Amino acid sequence: MKKLIFTFLILSGMISFAQKRSFNQLSIEANYGLSLPTTPIPDGGKAGEFNGFTHFSFGARYMFIPEIGAKLSYAHDKFQDSNATSNNLVYHRFDLEAVSNLVALFNFQSEFFNDFGLLAHAGVGYISANPSGAINNEEVGNIIIGVNPMYRLSEKFALSLDIAYNLNPKMHFGYDGQLIESNFDTDFKDFNGGFMNITFGVKYYIGNKGDHADWQ
């Protein structure tokens, strides 16, 4: 009997909490910007030779509470040798991340944060890499961490700047689309690669409860 009462109290509390939520929880976003490789850089090359406005992404985010949420996203990045455009590497990336609203988490009290927000995000993902020097795609892991300042335009829209670093364990192809280790068959090595994204985007808030969790 005690277990039933305890279970009932928990369920009642959860239902009551859900009913008291006066904010929207779901949003979608689209972003465009820079892809900036950091390591490994092909022999004789420079990182700047592979930079470019070649990133675009879109995703969906759900905030469980104003402080914590989760995000699922797809991103496309292309790295191309500016001196030999046929040498390139294309990434199709899928990420699942935890998201924290730092303004709500640390309870910043200022009128400035009425329309300016700050999210932090981190997670893991999968990359299908298409190197120009290979017939088949390469599968690469991905670890991502970033910050996402925002400016609210209205109840439904916000502009954002996202700065993120991506760590790619066990790369075998460089940003020029060629094998990092030319003697791959006899001298097998894994390489940890990394690149940054600096992007601008727009967020759209879904729901009819007024403000989104980002602005609680």
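Just above, that's the structure.
Below: a short report on this structure. (Residues numbered from 1 in each chain as written. Predicted model: local features only at pLDDT ≥ 70, side-chain atom pairs only at ≥ 80, totals over all residues. Heavy atoms only, no water.)

Below, the discussion takes up the environment of Ile 127. Relative to the elements of secondary structure, Ile 127 occurs in strand 5 (residues 116-131). Residue classification places Ile 127 among the buried positions, given a relative accessible area of 0%. Spatially, the C-alpha atoms of Ile 127 and Tyr 74 are 9.8 Å apart, while their sequence positions differ by 53 residues. Not counting the four nearest positions on each side in its chain, Ile 127 is found in contact with Tyr 91, His 92, Arg 93, Glu 138, Glu 139, Val 140, Gly 141, Asn 142 and Asn 168. (Helix = DSSP H or I, 4+ residues; strand = E, 2+ residues; numbered from the N terminus. Buried < 20%, exposed > 50% of the residue type's maximum accessible area, 1.4 Å probe, protein only. Contact = heavy atoms within 4.5 Å.)

What the eight strands build is a closed barrel, ordered 1-2-3-4-5-6-7-8; its pairing is antiparallel. Each adjacent strand pair in this sheet contributes to an overall mean axis angle of 25°, direction not counted. Pairing between strand 7 (residues 157-171) and strand 8 (residues 191-206): 13 bridges, direction antiparallel. Pairing of Asp 162 across the sheet is with Thr 199, part of strand 8. (Pairing = 2+ DSSP bridges. Axes fitted to C-alpha atoms, helices over the stretch in contact; angles between N-to-C directions.)

Below, the discussion takes up the side chain of Ser 128. Assignment of secondary structure puts Ser 128 in strand 5. Residue Ser 128 is classed as buried on the basis of its relative accessible area of 14%. Side chain to side chain, Ser 128 and Asn 137 meet in a polar contact 3.1 Å long. Once you skip the residues sitting within four places of it in the chain, Ser 128 turns out to touch Val 90, Tyr 91, His 92, Asn 137 and Glu 138. (Polar contact = N/O pair within 3.5 Å; in protein donor to acceptor, adjacent residues only side chain to side chain.)

With that out of the way, let us pick up unusual backbone geometry. Residue Thr 39 is joined to Pro 40 through a cis peptide bond whose omega torsion reads -10°. By the element assignment, Pro 40 lies in the loop between strand 1 (26-39) and strand 2 (52-63). One non-glycine residue, Asn 107, lies in the positive phi region at around 55°. Summarising the element assignment, Asn 107 is placed in the loop between helix 2 (102-105) and strand 5. Even without being glycine, Lys 170 reaches a positive phi, approximately 60°. With respect to the secondary-structure elements, Lys 170 resides in strand 7.

So, about the environment of Phe 79. Note on placement: Phe 79 falls in strand 3 (residues 68-80). Judged by relative accessible area, Phe 79 falls into the buried class, the value being 0%. The spacing of Phe 79 and Glu 49 is 30 residues in sequence and 9.1 Å in space, taken between C-alpha atoms. Ignoring anything within four residues of it in the chain, the contact list for Phe 79 reads Ser 35, Leu 36, Pro 37, Phe 50, Asn 87, Asn 88, Leu 89, Tyr 91, Tyr 175 and Phe 195.

This next bit is on the pairing of strand 6 (residues 138-152). When strand 5 meets strand 6, the two strands line up antiparallel, connected through 14 bridges. By the bridge assignment for strand 6, Leu 118 is matched with Pro 149. Between the antiparallel neighbours strand 5 and strand 6 lie six residues. Where strand 6 folds back on strand 7, the antiparallel hairpin that results is connected by four residues.

The next point concerns the nonpolar core. The tendency in soluble globular proteins is for nonpolar side chains to be buried as a group. If you look at the biggest cluster of nonpolar residues, it comprises 10 residues: Phe 50, Phe 79, Leu 89, Tyr 91, Ile 127, Ala 129, Val 140, Met 171, Tyr 175 and Phe 195. Leu 119, Met 150, Ala 158 and Tyr 205 belong to the second-largest nonpolar core, a separate cluster that totals six residues. (Core = buried A, V, L, I, M, F, W, Y, C linked by side-chain atoms within 4.5 Å.)

Keep in mind these values describe shape, not function.
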